[in-house]
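# Inside the fold
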Protein chains: 4
Amino acid sequence: MENNLPVNVREYQELAKKALSKMHYDYINGGAEDEHTLRDNIAAYGRILLRPRVLVDVSNIDMSTSLLGYNMPSPIIVAPTGSHKVANPEGEVATAKAAASCNSLMVLSFSSNCRIEEVAASCDAIRFYQLYVFKKRAVSATLVRRAESSGFKAIVLTVDNPMLGRRERDIRNKMVAPDKPNLEGLISLENLDTTDGSQLAKYVRDTMDPSLSWKDVEWLKSITSLPILVKGILTAEDARKAVEAGAAGVIVSNHGGRQLDYA
Amino acid sequence: MENNLPVNVREYQELAKKALSKMHYDYINGGAEDEHTLRDNIAAYGRILLRPRVLVDVSNIDMSTSLLGYNMPSPIIVAPTGSHKVANPEGEVATAKAAASCNSLMVLSFSSNCRIEEVAASCDAIRFYQLYVFKKRAVSATLVRRAESSGFKAIVLTVDNPMLGRRERDIRNKMVAPDKPNLEGLISLENLDTTDGSQLAKYVRDTMDPSLSWKDVEWLKSITSLPILVKGILTAEDARKAVEAGAAGVIVSNHGGRQLDYA
Amino acid sequence: MENNLPVNVREYQELAKKALSKMHYDYINGGAEDEHTLRDNIAAYGRILLRPRVLVDVSNIDMSTSLLGYNMPSPIIVAPTGSHKVANPEGEVATAKAAASCNSLMVLSFSSNCRIEEVAASCDAIRFYQLYVFKKRAVSATLVRRAESSGFKAIVLTVDNPMLGRRERDIRNKMVAPDKPNLEGLISLENLDTTDGSQLAKYVRDTMDPSLSWKDVEWLKSITSLPILVKGILTAEDARKAVEAGAAGVIVSNHGGRQLDYA
Amino acid sequence: MENNLPVNVREYQELAKKALSKMHYDYINGGAEDEHTLRDNIAAYGRILLRPRVLVDVSNIDMSTSLLGYNMPSPIIVAPTGSHKVANPEGEVATAKAAASCNSLMVLSFSSNCRIEEVAASCDAIRFYQLYVFKKRAVSATLVRRAESSGFKAIVLTVDNPMLGRRERDIRNKMVAPDKPNLEGLISLENLDTTDGSQLAKYVRDTMDPSLSWKDVEWLKSITSLPILVKGILTAEDARKAVEAGAAGVIVSNHGGRQLDYA
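Residues numbered from 1 in each chain as written. Chains lettered and ligands numbered in written order. Predicted model: local features only at pLDDT ≥ 70, side-chain atom pairs only at ≥ 80, totals over all residues. Heavy atoms only, no water.

## Digging into the overall build of chain A
Of the regular secondary structure elements, chain A holds 10 helices and 7 strands. A compact globule built from 263 residues should have a C-alpha radius of gyration of about 18 Å, and chain A, at 19 Å, falls within 12% of that. Seen through its C-alpha atoms, chain A measures out along the principal axes to roughly 65 × 45 × 40 Å. Within chain A, the proportion of its 263 residues that are buried is 48%. Counted over contacts in chain A with a minimum sequence separation of 6, partners at least 24 positions apart contribute 68%. (Helix = DSSP H or I, 4+ residues; strand = E, 2+ residues; numbered from the N terminus. Rg over C-alpha atoms; globule rule 2.2 N^0.38 Å. Buried < 20%, exposed > 50% of the residue type's maximum accessible area, 1.4 Å probe, protein only. Contact = heavy atoms within 4.5 Å.)

Now the structure itself:
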């Protein structure tokens, strides 16, 4: 592949493997437990077969769509993923600029390495903000307020990790929790026990709230006028509940195979 | 395998791999994108199981059949494939002679490295001519007229590539579009941009017509009295449409896994 | 994995492979015949998919259950397996202490390397006793009486090996039958023919009773007041028969793939 | 495996591979064409799962059965296979003695390396004779008469190779047709063309009769009073026809994957 651009995503993945440390590559590329769901997320695409129709005029192909009223040239958006400085020194600012250049939409992760305000100021992509609910509700409320002030258009509430997925690669690598500048002054990260295993797992255990339930969606609605998307729904029952709780939409996701394995 | 003839097609394939350059072997042997359809085209044969009946007199086995009224000793014909000079200096003339020696039928590819008239003069195989419809309809019309004059018996209209399949091997190999002597004087091939990736893809993009539709079958019928076979049909709906549009028949094909992957 | 604790059971298995002799590792890890059932026992877990529900308060997770009236913090117990001194010099006493430390339940194998009384005295885990029925019924009766006197709470009657599974690894390794101190004075182990193959297979052949049938469950009930669990049931018909025969419960098991392969 | 007896049939196969020349091992072990049926013949056993029932008295296991009125201790017989001298200098005589020592039944192959009379005289196994029908019917008639005189009990008419399966390994190895002493004086084997490929294939082509049909079963019945088993039936339709034609039974077989592949 010398002197050649990659021709598919697998070749990008190989380049990433060479460019990143093992700890960071595993953090980005790994999944929970046996990584069954991770593997099946990819294999599942191979089970989708197309029925090609012929002699249809395809000189003008229009894949544009709209999401919560925002128009986009294609139905592909940037999902929320954390810690972009692991892969690029500009972090989420670089990602936002790339999204803006495609007129696409970016969901900024709560685990961003760049401050909310910094990403907002860097360009004018359409941006949604992804939120976890903390044991201290005031932390989440502050983050929502900052996203609103910075012109974010929706809140994406991730609901599939009351506990962090058991990512065995991170445990082995003693993965260090990356910087979270948006939490400075909100949560003390100092007294984390780092003697054993993944600091990331420890960190989430100390801050995330396993008692999260549907009534917290109502609380979130009460503190913001932004539309709320519930991310991590995997059953029809829960999709119905989300609508009843006033969500503007749901995002069907198994968290990239990083949370509950065999889901 | 020293000193031995190949005993099955896989062994011919291994010999071809040794005889050809990587670029040309990949061009002949490769498929589109993930090559899922390419692999499944072969695996699908393994899923066909036979129910042998016994004590049937098989001293005279007759596999002969007829196609558009032409008799053949077996239901196996030479499908249209391009650029035979890549594999043999005589090109499509050699293939036509082989077909003639088996009393079989050859479909001459639009991408032939030999001129239509040259192939016609070389032997008397039954020959069909395979056509794409160009942005300039006059080019296609000229090719049809030349095939008619040279005694070809039918037009095979290939309809499954309004755009060329994304053949990643060709992109990596920067595959050079082989000579197309039948297009000399009809299309200018000079100003093709060759700075990046497969010239073949670029070439098709500049000449093929993505607006092709069923009304072009009617147009083709209006300019020739030869029967028209529509190649690349994969759904019952389209087979029905082809008959309604006046096709003499359809050829069910996924283009050897070279066009739309996962079809 | 230097300096790291294992993060899953497969990594424990790798450590065990390094720590044990081949003969003993194969004895613990191997299965019967082609080891089809052994492999499928593991693969079967991968076929169980979960349907995650979200936004359910999981701050208090209670996996506690009860078995024959004994409360346990989780539905995981120590199944009966033989010859623990192969892996740990303290043998079943070490296992019982581990079970006690988790408030779990241990089923002591008939093939224990520690005496019944010794295990009972070592700690206060809840303990069931696993029994085979010998050709000499008096041997089984004596073992039951000793388990009762030592405070065991139930008898687990294993019914799936009227003959020992053909464990080819043990035959190849000429596996030596480990000590069975509980049988001292009850059965003579001296005249076993050890000229060929697994001594273990020979031993079982000389002592186990292939004529075992449902009426022996009745006999067992007549000599003990402890509840009886029938282990090794694989069909609904036999589960029904077990209840009719007065069993307190059944244990569905294919003996870890160590008895009848392809079950 | 030094100094150890094989513990399963796969280990016997490995020993055979070491003991035989490649040509002879391939002849015995190979199948037709892609060897799909050959592989699936083995894999099919893995798809048969058992439903074990427990607490059934198994102290007396009786697998005895009878075939055409002949009692045998188990339902396992020696199927007709040719050219045993390839593997053992005593040839089919050795096999017959082994069958006799198990009170089992042997079907002597038409392609035996030992004369019919020699096998008959060597021991008193129950013996059936396997027959092909030759272009010269008189050859088959002679063989049947000799089997009858030698005390054979039934004729097994193999009907699944009007043409020999295309065994690519034999072609590559230029497999030499082994001696067929039973045909001496009946068929001239001298003028076989051996310039190319498997002599075996050539031999069968020159002697077997592709016009064989159900009326030949009637002919066979007219020349012998022995019961006739039709071997190679794979459909219910043909089983019914065999009974109507007066066969005493059918043998369901795909010829060990050596004839029609993908059957």
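Back to the text.
## Re a nonpolar patch on the surface
Residues A:Tyr45, A:Ile48, A:Leu50 and B:Leu260 make up a contiguous nonpolar surface patch of about 420 Å² in total accessible area. Along the chain, A:Tyr45 turns up in helix H3 (residues 36-46). Assessed through its relative accessible area of 62%, A:Tyr45 is described here as exposed. (Patch = residues over 30% accessible without salt bridge, like charges linked within 9 Å, V, L, I, M, F, W, Y side chains within 5 Å. Areas by Shrake-Rupley, 256 points an atom, 1.4 Å probe, with all protein chains shown as cover. Salt bridge = Lys/Arg side-chain N within 4 Å of Asp/Glu carboxyl O.)

## Focus: the sheet that holds strand S5 (residues 155-158) of chain D
Residue and element names in this part refer to chain D. With parallel pairing, 5 strands are arranged side by side in an open sheet as S3-S4-S5-S6-S7. Of all the strands in the sheet, the pair left with one neighbour each is strand S3 (105-108) and strand S7 (249-252). Strand-to-strand twist of the sheet, defined as the mean angle between neighbouring strand axes without regard to direction, takes the value 30 degrees. Sheet topology note: the S5/strand S6 (residues 228-233) ladder contains 4 bridges and is parallel. When the bridges of S6 are listed, Leu157 appears paired with Val230. Strands in contact with helix H9 (residues 214-223) are strand S4 (126-131), S5 and S6; relative to S6, the strand with the most contacts, it is inclined by about 155 degrees. (Pairing = 2+ DSSP bridges. Axes fitted to C-alpha atoms, helices over the stretch in contact; angles between N-to-C directions.)

## Quick word on the confidence of the model for chain A
All names here are of chain A. Here chain A averages 89 in pLDDT, while 92% of its residues score no lower than 70. When the criterion is pLDDT under 50, residues 191-195 qualifies, and its contacts beyond four places in sequence or with other chains add up to 5 contacts. Confidence metrics for the complex model read pTM 0.85 and ipTM 0.85. (pLDDT = per-residue confidence, 0-100.)

## Some details on the interface of chain B and chain A
The partner chain A presents 20 residues to the 29 residues of chain B that form the contact. Summed over both partners, the interface of chain B with chain A buries about 2,100 Å², with 57% contributed by carbon and sulfur atoms. For the chain B face of the interface with chain A, the top three residues by lost area are B:Arg172, B:Asp238 and B:Tyr262, together amounting to 24%. Put simply, chain B and chain A have 4 salt bridges between them. Our count for the contact surface shared by chain B and chain A stands at 10 residue pairs in polar contact (both at pLDDT 80 or more). For the side of chain B that touches chain A, the leading source of residues is helix H10 (residues 236-244) of chain B, giving 4 residues. Its residues assigned to classes, the side of chain B that touches chain A comprises 14 nonpolar, 5 polar and 10 charged. (Buried area = accessible area lost by both parts, 1.4 Å probe. Polar contact = N/O pair within 3.5 Å; in protein donor to acceptor, adjacent residues only side chain to side chain. Nonpolar A, V, L, I, M, F, W, Y, C, P; charged D, E, K, R; others polar.)

## Observations concerning the relation of the copies chain B and chain A
Each copy of the sequence occupies a distinct position, and chain B is placed on chain A by a rotation of 90 degrees and an axial shift of 0.1 Å, giving an RMSD of 0.0 Å. The relationship between the two copies is best expressed as a four-fold rotation axis. (Least-squares fit on C-alpha atoms with pLDDT ≥ 70 in both.)

## Some words on the packing of helix H6 (residues 137-149) of chain A against helix H9 (residues 214-223) of chain A
Residues and elements named next belong to chain A. Two elements in contact, H6 and H9, have axes whose closest approach is 11 Å; the angle formed by their N-to-C orientations is 45 degrees. As the angle between them shows, H6 and H9 are arranged oblique. Pair H6 / H9 crosses with right-handed handedness. Here Arg137, Ser140, Ala141 and Val144 of H6 come into contact with H9, specifically with Asp216, Trp219, Leu220 and Ile223. Partitioning the contact of H6 with H9 into residue classes produces 5 nonpolar, 1 polar and 2 charged. (Parallel < 35°, antiparallel > 145°, perpendicular 65-115°, else oblique. Left-handed = near helix turned anticlockwise from the far one by under 90°.)

## Structural notes on the interface of chain D and chain C
The interface of chain D with chain C comprises 21 residues on the first partner and 31 residues on the second. Taken together, the two surfaces of chain D and chain C that pack against each other cover about 2,100 Å², and 57% of this comes from carbon and sulfur. For chain D, the biggest contributors to the area lost against chain C are D:Val7, D:Val54 and D:Leu55; these three give 34% of the whole. Taken together, the links from chain D to chain C amount to 4 salt bridges. A salt bridge links C:Asp34 to D:Arg10; the nearest nitrogen and oxygen atoms lie 3.3 Å apart. At the surface where chain D touches chain C, the tally comes to 10 residue pairs in polar contact (both at pLDDT 80 or more). When contributions to the side of chain D that touches chain C are tallied by element, the ones reaching two or more residues are helix H1 (9-19) and helix H3 (36-46) of chain D.

## Comments concerning the sheet that holds strand S7 (residues 249-252) of chain A
Through backbone hydrogen bonds, the strands of a sheet pair up, either in parallel or in antiparallel fashion. Residues and elements named next belong to chain A. The sheet built from 5 strands is open, its strands ordered S3-S4-S5-S6-S7 with parallel pairing. A single partner strand is all that each edge strand has here, and the edge strands are strand S3 (105-108) and S7. Here the average twist between neighbouring strands, direction ignored, is 30 degrees. Contacts from H6 reach strand S4 (126-131) and strand S5 (155-158) within the one sheet, and its direction differs from that of S4 by about 180 degrees.

## Observations concerning the arrangement of the chains
For chain B and chain C, which are not in contact, the least C-alpha distance works out to 24 Å. At the C-alpha level, the nearest point of chain A lies 24 Å from chain D, with no contact between them.

## A look at the state of the cysteines
Applying the stated criterion across every chain, the model contains 0 disulfides over all chains. Summary of cysteine pairing: B:Cys102 is not part of a disulfide, and the nearest cysteine sulfur, belonging to B:Cys123, is at 11 Å. Under the relative-accessibility criterion, B:Cys102 is labelled partly exposed at 46%. As a non-bridged cysteine, D:Cys114 has D:Cys123 as the owner of its nearest cysteine sulfur, 11 Å distant. A relative accessible area of 0% places D:Cys114 in the buried class. (Disulfide = S-S within 2.5 Å.)

## Observations concerning the pattern of salt bridges
All told, the structure shown has 60 salt bridges over all chains when counted by the stated rule. A salt bridge links A:Arg166 to A:Glu168; its shortest N-O distance comes to 3.7 Å. Residue A:Glu168 is classed as buried on the basis of its relative accessible area of 6%. Of the charged contacts in the structure, one is a salt bridge between C:Arg172 and D:Glu11, with a shortest N-O distance of 2.4 Å. Here the residue C:Arg172 occupies a position in helix H7 (residues 168-173), and D:Glu11 occupies one in helix H1, the pair thus bridging two chains. On the basis of relative accessible area, C:Arg172 is assigned to the partly exposed category, the value being 30%. Taken together, the salt bridges that share partners define one network made up of A:Glu11, B:Arg166, B:Glu168 and B:Arg172.

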